[in-house]
Number of protein chains: 2
Amino acid sequence: MNTRGEMWQAEILRVLNRHHTPISAYDVLETLRETHEKISPPTIYRALSALTKRGRVHRVESLNAFIACQCGQHQHTSILSICEDCGAVEESVAPKILKDLSSVIGKSGFSPMRHVIEVHGTCASCGSRKAQS
Amino acid sequence: MNTRGEMWQAEILRVLNRHHTPISAYDVLETLRETHEKISPPTIYRALSALTKRGRVHRVESLNAFIACQCGQHQHTSILSICEDCGAVEESVAPKILKDLSSVIGKSGFSPMRHVIEVHGTCASCGSRKAQS
DNA sequence: CGCGCAATGTTATATAGTAACGTAATCGCA
DNA sequence: TGCGATTACGTTACTATATAACATTGCGCG
Ligand SMILES: [Zn+2]
Ligand SMILES: [Zn+2]
Ligand SMILES: [Zn+2]
Ligand SMILES: [Zn+2]
């Protein structure tokens, strides 16, 4: 059975949903340790990996961190816009870009399986805040 | 003077150019230790970071590894196609995709500074090898 | 029951990256 | 040239991220 595993996944998802920025596996670990003293890294990583497979959580490769999927629509490849000022991450879904991407890199015979698209920059509110000052 | 720093950059670039797959900073470290016993991680990371800024080396975020720029044209943002079979990485330059990407994520007011586009999959030769068997 | 399998827990370790500080080279300027 | 300020570099130690390996649990089934 996997009731325990599912329990960890649910707990971790709750932790991730309390944040609006990506957090590291070890941040999750520390948080869960407040209530479950004996939890250890492999448990966290197993659950995060299951959640990622199920599309409930996205791994932010360029930050080695994780964020709950915000776009309702799971099992998609999304574009992550990461504000380097406030840390906020926004998800966009753009099938056309994925298609163009496939066609560009497919020219050489490469067949894509997983896309990582992460854009670092400044979000709207941080941008206007900086423009003011 | 920064002749020492430039020397490390040159040595590291030589190491990276001997491989056709991304290698980790610590792989570089081990290799250089064969000839320079006392070299240490910060030296490697400083040089890698300078090389990355200069566009001579790309950091593969989804592998925590580095590869020498293969496309001659430095200081560009490139799309990396990573074969999960043989590890080979191919670079593509596609300004149109970057433009589309900016326009999609710009709708919400986000202004992009750095793009990370990495596609995992199977390269042409590994694909045909698998199709045969 | 009692064997076999798969999921989970546990310990330890591997891998990746950086802070902090001292020293040495370089620059700005009289 | 002399000399303080500044920056680059080396070195030590440490923090952060991730996984290997093995023990244990609990369930399915004859
Ligand atoms: Zn999502
Ligand atoms: Zn912001
Ligand atoms: Zn390149
Ligand atoms: Zn291949």
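These notes cover the structure that comes with them. These numbers were taken from a predicted model, which means no experiment stands behind them. Just so you know, the residues in each chain are numbered from 1, in the order the chain's sequence is written. Here chains are named by letter from A upward and ligands by number from 1 upward, in the order in which they appear as written. For a predicted model such as this one, the threshold for reporting local features is a pLDDT of at least 70, and the threshold for listing and counting side-chain atom pairs is 80 or more; totals across whole chains, interfaces and linings nevertheless cover every residue. Side-chain metrics in this entry use all non-hydrogen atoms of the structure; hydrogen atoms and water are not considered.

**Comments concerning the overall build of chain A**
Under the scheme used here, helices are H or I runs from DSSP no shorter than 4 residues and strands are E runs no shorter than 2 residues, and both carry numbers assigned from the N terminus. Within chain A one finds five helices and five strands. Counting helices and strands in the order they occur from the N terminus, chain A gives α-α-α-β-β-β-β-α-β-α. Expressed as lengths along the three principal axes of its C-alpha atoms, the size of chain A is roughly 50 × 50 × 20 Å. Exposure classes here rest on a 1.4 Å probe applied to the protein chains alone. A residue is buried below 20% of its type maximum, exposed above 50%, and partly exposed in between. Here chain A holds 133 residues, and 43% of them are scored as buried. Computed with a 1.4 Å probe, the accessible areas rest on the Shrake-Rupley method; for each residue, only the protein chains presented here act as cover. Carbon and sulfur atoms make up 52% of the accessible area of chain A, which amounts to about 7400 Å² in all.

**A few points about the packing of helix 1 (residues 3-17) of chain A against helix 2 (residues 25-33) of chain A**
All names here are of chain A. Running from N to C, helix 1 and helix 2 point in directions that differ by 105°, and their axes come no closer than 10 Å. In terms of orientation, helix 1 lies roughly perpendicular with respect to helix 2. On the side of helix 1, the interface is formed by Trp 8, Glu 11, Ile 12, Val 15 and Leu 16, while helix 2 contributes Val 28, Thr 31 and Leu 32. The class makeup of the residues in the contact of helix 1 with helix 2 is six nonpolar, one polar and one charged. All axes are obtained by fitting lines to C-alpha atoms, using only the stretch in contact for helices, and the reported angles, taken between N-to-C directions, cover 0 to 180 degrees. These descriptions rest on fixed angle ranges, namely under 35 degrees for roughly parallel, over 145 for roughly antiparallel, 65 to 115 for roughly perpendicular, and the rest for oblique. Here a residue-residue contact requires only that any non-hydrogen atoms of the pair lie within 4.5 Å. Note on residue categories: nonpolar means Ala, Val, Leu, Ile, Met, Phe, Trp, Tyr, Cys or Pro, charged means Asp, Glu, Lys or Arg, and polar means any other residue, Gly included.

**Details of the relation of the copies chain A and chain B**
Overlaid copies result from least-squares superposition on C-alpha atoms, with residues included only where pLDDT is at least 70 in both. Between chain A and chain B, the superposition needs a rotation of 180° and an axial shift of 0.0 Å, giving an RMSD of 0.0 Å. Both chain copies can therefore be described as sitting about a two-fold axis. Closest to the rotation axis within chain A is the C-alpha of A:Ile117, separated from it by 2.3 Å. When the interface residues of chain A are mapped onto chain B, 100% of them are again interface residues, pointing to one common binding face.

**Quick look at the coordination of the zinc ion (ligand 1)**
Residue and element names in this part refer to chain A. Coordinating N, O and S atoms are those within 2.8 Å of the metal (3.2 Å for Na, K and Ca), and as water is not part of the atoms, a site may appear to have fewer donors than expected. Protein coordination at the zinc ion (ligand 1) comes from His 58 (NE2), Cys 69 (SG), Cys 71 (SG), His 76 (NE2) and Glu 91 (OE), with a distance range of 2.1 to 2.7 Å. One chain supplies every donor for the zinc ion (ligand 1), spaced along it as H-x10-C-x1-C-x4-H-x14-E. Here His 58 is found in strand 1 (residues 57-60), whereas its partner Cys 69 is found in the loop between strand 2 (65-68) and strand 3 (79-83), with eleven residues between them in sequence. Accessibility expressed as a relative area gives 12% for Cys 69, which makes it buried.

**Quick look at the environment of B:Ala25**
Residue and element names in this part refer to chain B. Along the chain, the position of Ala 25 falls in helix 2 (residues 25-33). Looking at Ala 25, the relative accessible area reads 5%, which means it is buried. Distance from Ala 25 to Pro 41, taken between C-alpha atoms, is 7.9 Å for residues 16 residues apart in sequence.

**Description of the pattern of salt bridges**
Between side chains of opposite charge, a pair can form when the charged atoms approach closely. Take a side-chain nitrogen of Lys or Arg and a carboxyl oxygen of Asp or Glu: if they are within 4 Å of each other, that pair is a salt bridge. Tallied over the full model, the rule gives eight salt bridges over all chains. Among the ionic pairs, B:Arg59 bridges to B:Glu61, the shortest N-O distance being 3.1 Å. Of the charged contacts, one joins B:Lys96 and B:Asp100 as a salt bridge, the two residues approaching to 2.9 Å between their closest N and O atoms. With B:Lys96 and B:Asp100 both in helix 4 (residues 95-106), this residue pair falls four residues apart, about one helical turn. Judged by its relative accessible area of 52%, B:Lys96 falls in the exposed class. For B:Asp100, a relative accessible area of 18% corresponds to the buried category. Within the structure, one salt-bridge network assembled from shared partners comprises A:Lys96, A:Asp100, B:Lys96 and B:Asp100.

**A closer look at the packing of helix 2 of chain B against helix 3 (residues 41-53) of chain B**
Residues and elements named next belong to chain B. The N-to-C vectors of helix 2 and helix 3 enclose an angle of 115°; their axes lie 10 Å apart at closest approach. Note that helix 2 runs across helix 3; the crossing there is right-handed. Where helix 2 abuts helix 3, its residues Ala 25, Tyr 26, Val 28, Leu 29, Leu 32 and Arg 33 lie against Pro 41, Ile 44, Tyr 45 and Leu 48. Here a crossing is taken to be left-handed if its near helix is turned anticlockwise relative to the far helix by less than a right angle, and right-handed if that turn runs clockwise.

**Here's the deal with the side chain of B:Glu11**
Structurally, B:Glu11 can be placed in helix 1 (residues 3-17). Within this scheme the basic residues Lys and Arg register as positive and the acidic residues Asp and Glu register as negative, but His and the chain ends are omitted. For the buried B:Glu11, no salt bridge exists, and the shortest N-O distance to an oppositely charged side chain is 4.0 Å, to B:Arg14.

**What to know about the interface of chain A and chain B**
Taken together, the contact between chain A and chain B spans 33 residues of the former and 33 residues of the latter. If you look at where chain A meets chain B, you find two salt bridges. Nitrogen and oxygen atoms within 3.5 Å of one another constitute a polar contact, given that in protein one can donate a hydrogen and the other can accept it, and given that sequence-neighbouring residues count only through two side-chain atoms. Our enumeration of links across chain A and chain B arrives at ten residue pairs in polar contact (both at pLDDT 80 or more). The set of elements that each furnish at least two residues to the side of chain A that touches chain B consists of strand 3, strand 4 (89-92), helix 4 (95-106) and strand 5 (111-122) of chain A.

**Some details on the nonpolar core**
A:Ile79, A:Leu101, A:Ile117, B:Ile79, B:Leu101 and B:Ile117 are the most contacted members of the largest nonpolar core, which totals 24 residues. For this core, the elements supplying multiple residues, two or more each, are strand 3, helix 4 and strand 5 of chain A together with strand 3 (79-83), helix 4 and strand 5 (111-122) of chain B. Not counting residues up to four positions away in its chain, the partners in contact with B:Leu101 are A:Ile79, A:Ile97, A:Ile117, A:Val119, B:His115 and B:Ile117. Working definition of a nonpolar core: buried Ala, Val, Leu, Ile, Met, Phe, Trp, Tyr and Cys residues. They are joined through side-chain atoms within 4.5 Å.

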